[in-house]
Amino acid sequence: MIDRRVQILRTVASRGTVTAAADALGYTPSAISHQLRTLSRDLGIRLLEPDGRRVQLTLAARLLLRGADELSIRWEELLAELATVSGESRGRLTMCGFSTASALMPAAASAVKQAHPYTTVRIVEANPEECFDLLLTEHADLAVVVATSGTPSLTDKRFEQQSLLDDPLDLLVHVDHRFASRRSVPMEETAQENWILDRVGRPYRNLVVAACTYAGFTPTVAHEAVEWDTGAALVGAGLGVAMVPRLARLPADDRIVRVPLAGEPTPARHVLTAVRRGSAEQPVIRTALAALRDVAAQVVG
């Protein structure tokens, strides 16, 4: 079991600033700073040094985290061994994931409750970067995330990440649009459209822009919308087209039509499961991962 303050240091290291770490953990920046000061004092080492608006870990702090990661992995493995030997599966399982993972996580939670009736299952909606922070700080045990440039690499030794499914992106158009009756549309044919995209810098906008760039054009941005419902309403009003994941649940609206996108590669989000390294064989987590794979296979099928 790792000192709570070391978990906070991990989050500061991944987020780059005390303020960003505080936002991720739900603390105030002053509380984070206080925890790190007491850890530094108790260990007798300096942990952070300023680097412009960000902070850098000292060599001692990096050594501390490397050792803590190794201890954490062994601790998770030991918990799995103890649970397997005892045959008991009590306690809590917390699953976190992005909004459209709601098509996956409830079914997995039900499967866990059926197999482990004395386990409390909790679901938390969070963006991918937050999910990894929740895993590190043990506020979550399993995450369902979309791979983005901001998430840890598959080689990150702190986590075990496994491919779950590819979630294709569909073109969303008004019912009177020239594409509405098509069975599929190649991306390059959408080059002259007015696009409704997410805000600048957000992973979903980057994904759509990358798909357009690969097809040979830069999208004309007519409107920006963060929520699927807002984007769908704008499409329904005839104000442009949008790209939505197949898993996204949109409000019933006979003014909008989903049209599959064609081409190689077909635009898609890559969905992963992630757990703390060493924890995958804990019985409750193992059941949840298996249930997610089953649900994903049905969705893809």
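Everything here concerns the structure above.
Residues numbered from 1 in each chain as written. Predicted model: local features only at pLDDT ≥ 70, side-chain atom pairs only at ≥ 80, totals over all residues. Heavy atoms only, no water.

## Digging into the side chain of Arg276
Within the element layout of this structure, Arg276 appears in strand E12 (residues 268-276). Once residues within four sequence positions are removed from consideration, Arg276 is found in contact with Glu76, Leu135, Glu138, Ala140, Asp141, Arg158 and Glu160. (Helix = DSSP H or I, 4+ residues; strand = E, 2+ residues; numbered from the N terminus. Contact = heavy atoms within 4.5 Å.)

## Here we look at the packing of aromatic side chains
A full pass over the atoms with the stated rule returns two aromatic pairs. Pairing Phe132 with Phe159 gives two aromatic rings, centres 4.9 Å apart and planes at 75°, and the pair type is edge-to-face. Taken as a pair, Phe132 in helix H6 (residues 128-136) and Phe159 in strand E6 (residues 159-174) lie far apart in primary sequence, 27 residues in all. Take Phe132 and Phe159: they sit in the same class, and that class is buried. (Phe/Tyr/Trp six-rings, centres within 6.5 Å; stacked < 30°, edge-to-face > 60°. Buried < 20%, exposed > 50% of the residue type's maximum accessible area, 1.4 Å probe, protein only.)

## Some details on helix H5 (residues 105-115)
Listed in full, the buried residues belonging to H5 are Met105, Ala108, Ala109 and Val112. One side of H5 carries all its buried residues, which in axial view fall inside an arc of 100°. (Arc of directions from axis to C-beta.)

## Things to note about the pairing of strand E5 (residues 142-146)
Taken across its five residues, E5 has five buried, putting it largely inside the fold. Burial along E5 is two-sided: the face carrying Leu142, Val144 and Val146 and the face carrying Ala143 and Val145 are both buried. Here E5 pairs with E12 via four bridges, running antiparallel. For Val145, the partnering residue across the bridge sits in E12 and is Leu272. (Pairing = 2+ DSSP bridges.)

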